[in-house]
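Tertiary structure, described
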Amino acid sequence: GPGEAEIEDRIRHLLHGKSNPTIAPLVSLGEVMLRITAKASSAEEAHAMIDQVEAELREGLGHDIYGTEDDEIQHAVVQLLKERHMRCAVAESVTGGLIAHKLTEVPGCSHILGLTVTSYSNDAKTKILGVPGTVVEQHGAVSREVALQMAKGVLSLSGADVSVSTTGVAGPASDDRMHRVGLVFIGLAWKDGITCGRFQFFGTRSEIKERAAKRSLDILRRHLLCHY
């Protein structure tokens, strides 16, 4: 979601208006953590102070907050799917199975995760996911049209409630259509609709894959929050 600068701007009144507790933004790859520190005469008093600040942060940041402590984005996704008794499917190209890996790191994911396909080649996209060869030829593997077809295909194959797909350029070189390194299309399909987003990520090959996987999971998380 939003980066450090945007987060700091939105909670500026909390960052600069308090000396105890304090809020410290900590940035990692594709994520921002807000650490709340309180000084008090007892642990109970400190926790009460922290709880108040956390409530103010949640009011200001809303759905941009996905967890606390050691939660990662995949924990939030798995929990939401469980609560809604839904299953998801994944079709990955540029992320090379990283989304599925993150989901399977969460205990109990077998209840919510259906089919996962790593369709790195064009043949895999057409033969397994049913992406029409004409679509690949006309628009290229890295395109909105292919991402949509990938999401639609894995949803149909799996019988899941929702699916996410990725296709893009991880680098270090551009693809055969000279797309910029870091260009990623993320598709999302569900029983009543389908959509796709275009993103430009930066960094090394592994960093681009990591950012794309986290953003894909966040797109799925926000969809679950807003539509079910």
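Residues numbered from 1 in each chain as written. Predicted model: local features only at pLDDT ≥ 70, side-chain atom pairs only at ≥ 80, totals over all residues. Heavy atoms only, no water.

**A closer look at the packing of aromatic side chains**
Each aromatic ring pair is summarised here by two numbers: the centre-to-centre distance and the angle between the ring planes. What counts, and what does not: We call Phe, Tyr and Trp rings a pair once their centres come within 6.5 Å, taking the six-membered ring for Trp, and we label the pair stacked below 30 degrees between planes, edge-to-face above 60, and tilted otherwise. Burial classification: accessible surface area is computed with a 1.4 Å probe over protein chains only, and a residue below 20% of its type maximum counts as buried, one above 50% as exposed, and the rest as partly exposed.
By the definition in use, this model includes one aromatic pair. Centroid distance phenylalanine 199 to phenylalanine 201: 5.9 Å. Interplanar angle 15°. Geometry classified as stacked. Phenylalanine 201 carries the same exposure label as phenylalanine 199, and that label is buried.

**A word on the sheet that holds strand β3 (residues 88-92)**
Each strand in a sheet pairs with its neighbour through backbone hydrogen bonds, running either in the same direction (parallel) or in the opposite one (antiparallel). Convention followed: Strands are treated as partners if at least two bridges between them are detected by DSSP. The helix and strand labels rest on DSSP assignments: H or I over at least four residues marks a helix, E over at least two residues marks a strand, and numbering proceeds from the N terminus. Note on geometry: axes are lines fitted to C-alpha atoms, helical ones only across the stretch in contact, with angles between N-to-C directions running from 0 to 180 degrees. Contact criterion: two residues are considered in contact whenever any of their non-hydrogen atoms come within 4.5 Å of each other.
The strand order across the open sheet formed by five strands is β4-β3-β5-β6-β7, and the pairing between neighbours is mixed. At either margin of the open sheet sits one strand with a lone partner, and together these are β4 (113-118) and β7 (193-200). The average undirected angle you get between the axes of adjacent strands in this sheet is 10°. Here five bridges tie β3 to strand β5 (residues 162-168), and the two strands are oriented parallel to one another. If you follow alanine 89 over to β5, its bridge partner there is serine 163. Packing against the sheet, helix α9 (residues 205-227) makes contact with β3, β5, β6 (183-190) and β7, and its axis sits at approximately 25° to β6.

**Focus on the packing of helix α4 (residues 73-83) against α9**
Put simply, the rule is: Should an angle fall under 35 degrees it is taken as roughly parallel, and over 145 as roughly antiparallel, whereas 65 to 115 is taken as roughly perpendicular and any remaining angle as oblique. We call a crossing left-handed when the near helix sits turned anticlockwise from the far one by less than a right angle, and right-handed when that turn is clockwise.
The interhelical angle for the contact between α4 and α9, taken along N-to-C directions, is 30°, at an axis separation of 9 Å. Classified by the interaxial angle, the pair formed by α4 and α9 is roughly parallel. As for the relative orientation of α4 and α9, their crossing is left-handed in sense. Judged by residue contacts, Ile73, Gln74, Ala76, Val77, Leu80 and Leu81 of α4 engage Lys214, Leu217, Asp218, Leu220, Arg221, Leu224 and Leu225 from α9.

**Focus: a negative patch on the surface**
Here is the rule we go by: Here a patch means residues that are over 30% exposed by relative accessible area and free of salt bridges, tied together within 9 Å if like-charged and within 5 Å if nonpolar (Val, Leu, Ile, Met, Phe, Trp, Tyr). All accessible-area figures derive from a Shrake-Rupley calculation using a 1.4 Å probe, and residue coverage is judged against the displayed protein chains alone. Salt bridge, as used here: a side-chain nitrogen of Lys or Arg that lies within 4 Å of a carboxyl oxygen of Asp or Glu. In this charge count, Lys and Arg are treated as positive and Asp and Glu as negative; neither His nor the chain ends contribute. Note that the charge is assigned to NZ on lysines, CZ on arginines, CG on aspartates and CD on glutamates.
Taken together, the side chains of Glu69, Asp70, Asp71, Glu72 and Glu105 make up a negatively charged region of the molecular surface. In this structure, glutamate 72 sits in the loop between α3 (43-61) and α4.

**Side note on the side chain of serine 143**
Secondary-structure assignment places serine 143 in the loop between α7 (133-139) and α8 (144-158). Here serine 143 is in contact with Thr167 and Phe185, once residues within four sequence places are set aside.

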